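# Structural description and commentary
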Amino acid sequence: MVDPTKDIESALLAAIIGSSEARDIVRDRINWNDFSSSNNGILYTAILACADKTPKSNLDVILLREGLSAGGFFDRIGGDQRLLELTESFSSPSIEVISNYIEIITERAKNQRAFDTLEEIARLRSDDSRDPKERLIELSEIAQRSLDVETTSTTITMREAAQ
């Protein structure tokens, strides 16, 4: 079965290769780890880094290739074939379409992180070899990570409560 999220990710990557406006839209709204494929996350990061080194209106694909090669990622992301696929498939989607791509990618990423958190909790729950207090502490830490909660000095953490 074809994963439509990967097609959307490819379309977004193609758009940010071809358009400085698209890069400006996505830069603060999506992170490398929102991509379902780590290779797409690597490409995303490299595209933005390359764009920062080139004139605003033009992305230098050769510089992108060199940057990926220098970092040891060029072959991993699919090499020239992958870059060719992205540059040949470039279209100029509207801001609304780019925003929809971002929403789909980030929503899928949130769902995946929630699923990963549930798996981690299930693993911890079934680990009878650990002290219940320690398991409770770790569960609290997992919950805080998954909710992106920042602990402040005024917050009583489960670690402090368990002591």
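Please refer to the structure higher up on the page.
Residues numbered from 1 in each chain as written. Predicted model: local features only at pLDDT ≥ 70, side-chain atom pairs only at ≥ 80, totals over all residues. Heavy atoms only, no water.

Moving on: the overall build of the protein. Per the secondary structure count, the protein includes eight helices and zero strands. Ordered by position from N to C terminus, the α and β elements of the protein give α-α-α-α-α-α-α-α. Counting the 163 residues in the protein, one finds 35% classified as buried. By element, 52% of the accessible surface of the protein is carried by carbon and sulfur atoms, the whole surface being about 10,200 Å². (Helix = DSSP H or I, 4+ residues; strand = E, 2+ residues; numbered from the N terminus. Buried < 20%, exposed > 50% of the residue type's maximum accessible area, 1.4 Å probe, protein only. Areas by Shrake-Rupley, 256 points an atom, 1.4 Å probe, with all protein chains shown as cover.)

Here we come to the pattern of salt bridges. Counting across every chain of the model gives seven salt bridges. Measuring nitrogen to oxygen at the nearest pair gives 3.1 Å for the salt bridge that ties R27 to D52. Placement of R27 in the loop between helix 2 (20–26) and helix 3 (38–53) and of D52 in helix 3 is noted, with a sequence separation of 25 residues between them. R27 sits in the partly exposed class, given a relative accessible area of 29%. On the accessibility criterion, D52 (55% relative accessible area) is exposed. Where R113 meets D34, a salt bridge forms, and the shortest distance between an N and an O atom there is 3.1 Å. Placement of R113 in helix 6 (residues 95–125) and of D34 in the loop between helix 2 and helix 3 is noted, with a sequence separation of 79 residues between them. (Salt bridge = Lys/Arg side-chain N within 4 Å of Asp/Glu carboxyl O.)

As a further point, take the side chain of R82. Topologically, R82 is positioned in helix 5 (residues 79–88). Aside from chain neighbours lying at most four places away, what touches R82 is S10, L13, N40, L43 and I77. (Contact = heavy atoms within 4.5 Å.)

Another point: helix 5. Buried residues of helix 5: G79, R82, L83 and L86, and no others. Angular distribution of buried residues about the axis of helix 5 spans 95°; they occupy a single face of the element. (Arc of directions from axis to C-beta.)

Another point: the nonpolar core. Counting residues in each nonpolar core, the largest one holds 31 residues, and the members touching the most others are L12, L13, V26, I30, Y44, L64 and L68. Only helix 1 (4–18), helix 2, helix 3, helix 4 (61–70), helix 5 and helix 6 provide two or more residues apiece to this core. Here the element with the most residues in this core is helix 3; it accounts for eight residues. When neighbours within four sequence positions are excluded, Y44 is seen to be in contact with L13, I16, V26, R27, I30, N31, W32 and F35. (Core = buried A, V, L, I, M, F, W, Y, C linked by side-chain atoms within 4.5 Å.)

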